[in-house]
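# Structural overview for review
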Amino acid sequence: MSGPFCPPLDAAACSPPEPAAQADGLPLALPLPRPARSLAGPWLVAGLGSFGLALAGGALAGGIGALAGGTAAMLAASLLVLRSRRLEAAVRAAEARADAAEAAARRATAENLAKSRFLAEMSHELRTPLNTVMGFSEMMADEVLGPHRVQAYGSYARDIHASGQHLLALADDLLDLARIESGHRTLMETPVRLDALAEDCVAMMRPLASGARVTLTADVQGTPRLWGDERALRQIALNLLANAVKFTPHDGSVRLLAGIGAQGMPFVAVEDTGPGIAERELPLGAAHPKESRLDLSTGRGAGLGLAIVRGLAGLHDGALTLERRPGGGTRAEVTFPPARALPANGPGL
């Protein structure tokens, strides 16, 4: 017989002794590196567990079964260790990418603040010499100290004065945008009547509209009121009107609307009958924050008007949207949160 007879009830007592070759050539524990992250722990535990179970199975089977079980256990453990190392490498790479992205974001924020400070300082530095240029050029154009011997000098002086006005408008826009982006533009909030604001802005822009042969009107229902910075709201309306008048052809029309929307959201909108904004510029976002083109004839149009409007609207927790009108032209609308709407007959005005 090949082995001792074992009764069924006492099989555990008659188990054959473990062969000496069972452990020969097989390490009892694998030299594993300590994982850098707990994420690799389950893989290592599973590998060691599989290795131990395979050794136990080989010990019970004996001989060739032990060798096969040990080999399989080593392969399984090796694969799991390799996978755990790859997982650790992936985790380290992801952490490195996250650190790099965070550092890039910090650098971008610092550079943006530095740019805003630079623009603010440059705007102040530009205003002083521009005021001098504009003052003397106006005196020369008006021949305050006597007539010119050459009449062309008067025309040159007027050109210098017009160019100075354009540069001064650009400096003002840069200063406003720098203050908004750097967080130095604070709101002086009071109750504002949108109907009175609309009438004032239309009156201020009417000379420009008349020169461009554009009809300018205001459409305000009732006496809507808004809690906000009146100077900022006035600048929003004027920038939208100037942009619309500039791009509306002769005999066109521009309309300023203001009121409380259906959802209780105060709004200021400008509609024109111009060529309309291009599809590539919609929707208005960070990639298209400016006006479509520069218009030197009006002394404005530095490409910052809509960016300033959007920034001032953001300070009021509002939003600027542009859309093409079905009949042609563009509608630019600034909406504000319903919480800024005030009762029409409330105190404060």
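The coordinates are above.
Residues numbered from 1 in each chain as written. Predicted model: local features only at pLDDT ≥ 70, side-chain atom pairs only at ≥ 80, totals over all residues. Heavy atoms only, no water.

### Overview of the nonpolar core
One finds Ile236, Leu240, Leu241, Val254, Leu256 and Val334 to be the most contacted residues of the largest nonpolar core, which totals 41 residues. The set of elements that each furnish at least two residues to this core consists of helix 3 (152-182), helix 4 (194-211), helix 5 (230-247), strand 4 (253-260), strand 5 (266-272), helix 6 (305-315), strand 6 (319-324) and strand 7 (330-335). With residues near it in sequence (within four places) discarded, Leu256 still touches Ala198, Cys201, Val202, Thr217, Ala218, Asp219, Leu241, Val268, Ala269 and Val270. (Core = buried A, V, L, I, M, F, W, Y, C linked by side-chain atoms within 4.5 Å. Buried < 20%, exposed > 50% of the residue type's maximum accessible area, 1.4 Å probe, protein only. Helix = DSSP H or I, 4+ residues; strand = E, 2+ residues; numbered from the N terminus. Contact = heavy atoms within 4.5 Å.)

### Here we look at unusual backbone geometry
With glycine set apart, most residues show a phi of negative sign, and most peptide bonds adopt trans. Of note in this structure, Asp251 is not a glycine but carries a positive phi near 65°. For Asp251, the location among the structural elements is in the loop between helix 5 and strand 4. We classify Asp251 as exposed; its relative accessible area is 64%. One non-glycine residue with positive phi stands out, namely Asp317, at about 60°. Tracing the backbone through its elements, the reader meets Asp317 in the loop between helix 6 and strand 6. On the basis of relative accessibility, which here comes to 58%, the residue Asp317 falls in the exposed class.

### What to know about the packing of helix 3 against helix 6
Two elements in contact, helix 3 and helix 6, have axes whose closest approach is 10 Å; the angle formed by their N-to-C orientations is 35°. The two elements helix 3 and helix 6 meet at a crossing, and its hand is left-handed. Counting all contacts with helix 3, which are made through Asp173, Asp176, Leu177 and Ile180, the residues of helix 6 involved are Ala307, Ile308, Gly311 and Leu312. (Axes fitted to C-alpha atoms, helices over the stretch in contact; angles between N-to-C directions. Left-handed = near helix turned anticlockwise from the far one by under 90°.)

### Here's the deal with the sheet that holds strand 2 (residues 215-220)
Across the sheet, five strands lie side by side as 2-4-5-7-6; this open sheet has mixed pairing. Strands at the two margins of the open sheet, each flanked by one partner only, are strand 2 and strand 6. The average undirected angle you get between the axes of adjacent strands in this sheet is 15°. For strand 2 and strand 4, the ladder comprises six bridges, and the chain directions are parallel. Among the inter-strand pairings, Thr215 is bridged to a residue of strand 4, identified as Ser253. Seen against the sheet, helix 4 touches strand 2, strand 4 and strand 5 and runs at an angle of roughly 175° to strand 2. The sheet strands contacting helix 6 are strand 6 and strand 7, and the helix crosses strand 6 at an angle near 135°. (Pairing = 2+ DSSP bridges.)

### A few points about the sheet that holds strand 3 (residues 225-229)
With respect to topology, three strands assemble into an open sheet ordered 1-3-8, the strand pairing being antiparallel. Looking at which strands have only one partner, the edges of the open sheet turn out to be strand 1 (189-193) and strand 8 (341-342). Those strands touched by helix 4 are strand 1 and strand 3, and its axis lies near 75° from that of strand 1.

### Looking at the packing of helix 5 against helix 6
Closest axis-to-axis distance for the helix 5/helix 6 pair is 9 Å, and the angle between their directions is 150°. By the angle class used here, helix 5 and helix 6 are roughly antiparallel. Handedness of the helix 5/helix 6 crossing: left-handed. Contact with helix 5, carried on its side by Ala232, Gln235, Ile236, Asn239, Leu240 and Asn243, involves Gly305, Leu306, Ile308, Val309, Leu312 and Ala313 of helix 6 and no other residues of that element. (Parallel < 35°, antiparallel > 145°, perpendicular 65-115°, else oblique.)

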